[in-house]
Amino acid sequence: MPLFRRKPRIDESIYKNLMTSFGRVVDLDPFVTRPAEALAEHVQREDAALIAELDARMYEGAAMYHLRLLAGSWIMAREGSVPAATAEAFEEAVAWRFDPLVRGSGRLSHRLSELARGEAPRDTRVDA
């Protein structure tokens, strides 16, 4: 990662385009959907209270939906069907959307992205 990399500029239009694009693609492929759901559920288990607060501000299941699409973008970036820069921009976009709603909730998108990129230690316990 470059030393002085700037964050992408996010606005409502860009956010809607990302959500629409990944919303159409992620759910159609079970090889993307299922791992994306698993990643989103992992983040939900780590911070269920924050997810519940976001859902209360948006709509029931909203946080998981956004996180699932973000996870799908990282999976697609890993397989080469979208550029990694697109997934990075989507990560920032989800943080941009979440943070004003519930303070500190933007970290959910960063945590999910960290897991999706394989940068975090994996918990392989069966009871987790």
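Quick note: structure is the one above.
A brief look at the structure comes next. (Residues numbered from 1 in each chain as written. Predicted model: local features only at pLDDT ≥ 70, side-chain atom pairs only at ≥ 80, totals over all residues. Heavy atoms only, no water.)

Re the packing of aromatic side chains
Turning to step 1, where the next piece is worked out: This structure, assessed with the given rule, holds 2 aromatic pairs.
Turning to step 2, where the next piece is worked out: An angle of 10° between the planes, with centres 5.2 Å apart, marks the rings of F22 and F90 as stacked. In this pair, F22 is assigned in helix 1 (residues 12–26) and F90 in helix 5 (residues 84–98), connecting sequence segments 68 residues apart.
Turning to step 3, where the next piece is worked out: Classification of F22 by relative accessible area gives buried; the value is 4%.
Turning to step 4, where the next piece is worked out: Among the residues examined, F90 registers a relative accessible area of 0% and is labelled buried.
Turning to step 5, where the next piece is worked out: We note R117 situated over the ring of W74; from NZ or CZ to the ring centre the distance is 5.0 Å. (Phe/Tyr/Trp six-rings, centres within 6.5 Å; stacked < 30°, edge-to-face > 60°. Helix = DSSP H or I, 4+ residues; strand = E, 2+ residues; numbered from the N terminus. Buried < 20%, exposed > 50% of the residue type's maximum accessible area, 1.4 Å probe, protein only. Lys NZ or Arg CZ within 6 Å of the ring centre and 35° of its normal.)

Overview of helix 1
Turning to step 1, where the next piece is worked out: In this model helix 1 runs 21 Å from its N-terminal to its C-terminal C-alpha over 15 residues, within 8% of the 21 Å that 1.5 Å per residue would give.
Turning to step 2, where the next piece is worked out: Taken as a whole, helix 1 has its buried residues at Y15, L18, M19, F22, G23 and V26. End-on, the buried residues of helix 1 take up no more than an arc of 120°, which puts them together on one face. In this structure, helix 1 carries K16 and R24 as exposed residues pointing more than 90 degrees from its buried face.
Turning to step 3, where the next piece is worked out: Buried residues belonging to helix 1 abut helix 2 (30–46), helix 4 (62–79) and helix 5.
Turning to step 4, where the next piece is worked out: If you check the start of helix 1, you find a side-chain oxygen 3.2 Å away from the backbone N of S13, and it comes from D11. (Expected span 1.5 Å × (residues − 1). Arc of directions from axis to C-beta. Contact = heavy atoms within 4.5 Å. Polar contact = N/O pair within 3.5 Å; in protein donor to acceptor, adjacent residues only side chain to side chain.)

Overview of the packing of helix 4 against helix 5
Turning to step 1, where the next piece is worked out: One can describe the packing of helix 4 onto helix 5 by two numbers: an axis separation of 8 Å at closest approach and a directional angle of 165°. By the angle between their directions, the pair helix 4 and helix 5 is classed as roughly antiparallel. With respect to the hand of their crossing, helix 4 and helix 5 are arranged in left-handed fashion. Contacts from A63, H66, L67, L69, L70, S73, W74 and A77 of helix 4 reach helix 5 at A84, A87, E88, F90, E91, V94 and F98.
Turning to step 2, where the next piece is worked out: Within the contact of helix 4 with helix 5, the residues separate by chemical class into 11 nonpolar, 2 polar and 2 charged. (Axes fitted to C-alpha atoms, helices over the stretch in contact; angles between N-to-C directions. Parallel < 35°, antiparallel > 145°, perpendicular 65-115°, else oblique. Left-handed = near helix turned anticlockwise from the far one by under 90°. Nonpolar A, V, L, I, M, F, W, Y, C, P; charged D, E, K, R; others polar.)

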